[in-house]
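Chain and residue survey
Residue strings, one per chain:
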Amino acid sequence: MKPLKIVKIGGKLIEDTAKFDEFLEDFKNLEGYKILVHGGGNMATQISEKLGYETKMVDGRRITDEDTVKVITMVYGGLINKNIVAKLQSMNTNAIGLCGADGQSILSVKRPVATIDYGFVGDIEKVNAEFIDALLNDGVVPVFSAISCTKEGVLLNTNADSIASEIARAMSKSYETELYYCFEKQGVLADASDDESVIKEIDFLQYKTLVEKQVITDGMLPKLQNCFEALEQGVHKIHLGNHQSLKENTTHTKIIQ
């Protein structure tokens, strides 16, 4: 099968102009088919404050009310997405900016209320692999913002890690997919205070042990759980680290079965 690389870039890396430009250079140099996925939560919070909207968070997750949907659509789908596309185009990479509504590429349902009402937040139901495949085969690099859509046309704030993972799973039926999570650290750290303590490979049993020892906590927990589910559902390889992880023979974390 043809190789396809799906790369998710974290918000902190986007905000560091120098490192972000380095990342885009490395992304541009990836050979073959590729897809970029991004969020931008910190920037959305900053814009919300300037507009006088209150940002509400519960356990690190954003409560997305009607005002917040407007902000994330402007920030994710507009400001960040189009800046990325413009920079890639300047590097002779034919990119197109998308959200889940475009071509009904990422259909979701509004997250049901359990103990907390997260508002307009999406849980992904379907990825339109045929639409994405057509873009790739036409020589276009899709750049997805962290917004999905319901069948009824309602835009939903959607976790960018989940979007990247679900795209990788859907495309793995036709491509040999590799998933990259790029953020500010070199990888998963054995010691949070030591940036050089990168764990180079993690399998599921080791993951469970690291969770029990509280080496892996907070936001890294769902990210890694997502990784192992993706491997089980056909994703070929998964990498976690900074932009250097896009290059061969660099220090980062590989998730293995």
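Residues numbered from 1 in each chain as written. Predicted model: local features only at pLDDT ≥ 70, side-chain atom pairs only at ≥ 80, totals over all residues. Heavy atoms only, no water.

Let me state the cut-off plainly: UniProt positions are given in the numbering used here, feature names are shortened, and annotations may be inferred rather than shown by experiment.
By the naming in an unreviewed UniProt entry, the protein is Acetylglutamate kinase, taken from Zunongwangia pacifica. As stated in UniProt under Function (unreviewed entry), the record for the protein gives "Catalyzes the ATP-dependent phosphorylation of N-acetyl-L-glutamate." Under the UniProt heading Subcellular location (unreviewed entry), the entry covering the protein gives this text: "Cytoplasm".

**Quick notes on the side chain of K5**
For clarity, the threshold we go by: Put simply, DSSP H or I for four residues or longer makes a helix, DSSP E for two residues or longer makes a strand, and each gets a number counted from the N terminus. Burial classes follow relative accessibility: with a 1.4 Å probe on protein chains only, a residue under 20% of its type's maximum area counts as buried, one over 50% as exposed, and anything between as partly exposed. We count Lys and Arg on the positive side and Asp and Glu on the negative side, and we leave His and both chain ends out. The salt bridge criterion pairs a side-chain nitrogen of Lys or Arg with a carboxyl oxygen of Asp or Glu, the two atoms within 4 Å. Residue contacts follow a heavy-atom distance rule, with two residues in contact if any of their heavy atoms lie within 4.5 Å.
Counting through the fold element by element, K5 comes out in strand β1 (residues 2–9). Although buried, K5 forms no salt bridge, and the nearest oppositely charged side chain, E178, lies 4.3 Å from it. Apart from residues lying up to four places away in sequence, K5 is in contact with L30, E31, Y33, K34, I35, E178 and Y180.

**Quick notes on the sheet that holds strand β11 (residues 175–182)**
Under the convention used in this document: Here, any two strands with at least 2 DSSP bridges between them count as paired. Each axis is a line fitted through C-alpha atoms, and for a helix only the stretch in contact is used; angles between axes span 0 to 180 degrees, taken between their N-to-C directions.
In spatial order, the strands read β5-β8-β2-β1-β11-β13-β14-β12; together these eight strands make up an open sheet with mixed pairing. Each edge of the open sheet carries a strand with a single partner, namely β5 (95–98) and β12 (201–202). Where β12 and strand β14 (residues 253–255) come together, two bridges link them in parallel fashion. Bridge pairing in β14 links E201 to K254. Helix α6 (residues 160–171) contacts β1, β2 (33–38), β8 (141–144) and β11 of the sheet and is inclined by roughly 165 degrees relative to β11. Against the sheet, helix α8 (residues 220–232) makes contact with β1, β11, β12, β13 (237–241) and β14, and its axis sits at roughly 160 degrees relative to β13, the strand it touches most.

**Here's the deal with helix α7 (residues 204–212)**
Each full turn of the α-helix corresponds to 3.6 residues, which orients residues three or four apart in the same direction. Where we set the bar: Residues adjacent in sequence count toward polar contacts only when both atoms are side-chain atoms; beyond that, a polar contact is any pair of N or O atoms within 3.5 Å, and within protein one must be able to donate a hydrogen and the other to accept it.
If you check the start of α7, you find a side-chain oxygen 3.3 Å away from the backbone N of L205, and it comes from D203. Positive backbone phi, at 60 degrees, marks Q214, one or two positions downstream of α7.

**What about the packing of aromatic side chains?**
Our working definition: Ring pairs are drawn from Phe, Tyr and Trp, using the six-membered ring of Trp, whenever the two centres fall within 6.5 Å, and their geometry is named by plane angle: stacked under 30 degrees, edge-to-face over 60, tilted for the rest. Working rule: Lys NZ or Arg CZ, within 6 Å of ring centre, within 35 degrees of ring normal, means a charge sits over the ring.
The full count for this structure, using the stated rule, is six aromatic pairs. Judged by centre distance (6.1 Å) and plane angle (20 degrees), the rings of F23 and F27 are stacked. With F23 and F27 both in helix α2 (residues 17–28) and four residues apart, the pair spans about one turn of that helix. In this pair, the class of F23 matches that of F27, namely buried. Ring centres of Y207 and F228 lie 5.2 Å apart, and the angle between their planes is 40 degrees; this geometry places the pair in the tilted category. Remark: F228 occurs in helix α8 and Y207 occurs in helix α7; sequence separation between them is 21 residues. These aromatic residues form a ring-pair network of at least three members: F20, F23 and F27. Over the face of the ring belonging to F27 we find K34, whose NZ or CZ atom lies 5.3 Å from the ring centre. Looking at K110, its charged tip hangs above the ring of F120, at a distance of 4.2 Å from the centre.

**What to know about the packing of α7 against α8**
This is how it is decided: Each angle gets one of four labels, with under 35 degrees taken as roughly parallel, over 145 as roughly antiparallel, 65 to 115 as roughly perpendicular, and the rest as oblique. Helix crossings get a hand from a simple test, with the near helix turned counterclockwise from the far one by less than a right angle marking a left-handed crossing and a clockwise turn marking a right-handed one. Three classes are used, and their members are as follows: Ala, Val, Leu, Ile, Met, Phe, Trp, Tyr, Cys and Pro are nonpolar, Asp, Glu, Lys and Arg are charged, and the others, Gly among them, are polar.
Taken N-terminus to C-terminus, the directions of α7 and α8 make an angle of 165 degrees; their axes are 11 Å apart at the nearest point. With respect to α8, the element α7 is oriented roughly antiparallel. When the axes of α7 and α8 are compared, the crossing they make is left-handed. Listed contacts from α8 to F204, Y207 and V211 of α7 are L221, L224, Q225 and F228. Residues of the contact of α7 with α8, tallied by class, amount to six nonpolar, one polar and no charged.

**Brief notes about the UniProt feature "binding site: substrate" (unreviewed entry) in the protein**
Look at the UniProt record and you will see "binding site: substrate" (unreviewed entry) annotated at G40, G41, R62 and N157. Taking the farthest pair of C-alpha atoms as the criterion, the annotated set spanning 118 residues converges on one region, since that pair is 12.0 Å apart. Mapped onto the elements of the fold, R62 is located in strand β4 (residues 61–62). For R62, the contacting residues outside a window of four places in its chain are G41, N42, A44, T45, T55, K56, M57, T68, Y76, Y118, V121 and N157. Only 2.8 Å separates the side chain of R62 from the backbone oxygen of G41, close enough to count as a polar contact. Along the chain, the position of N157 falls in strand β10 (residues 155–157).

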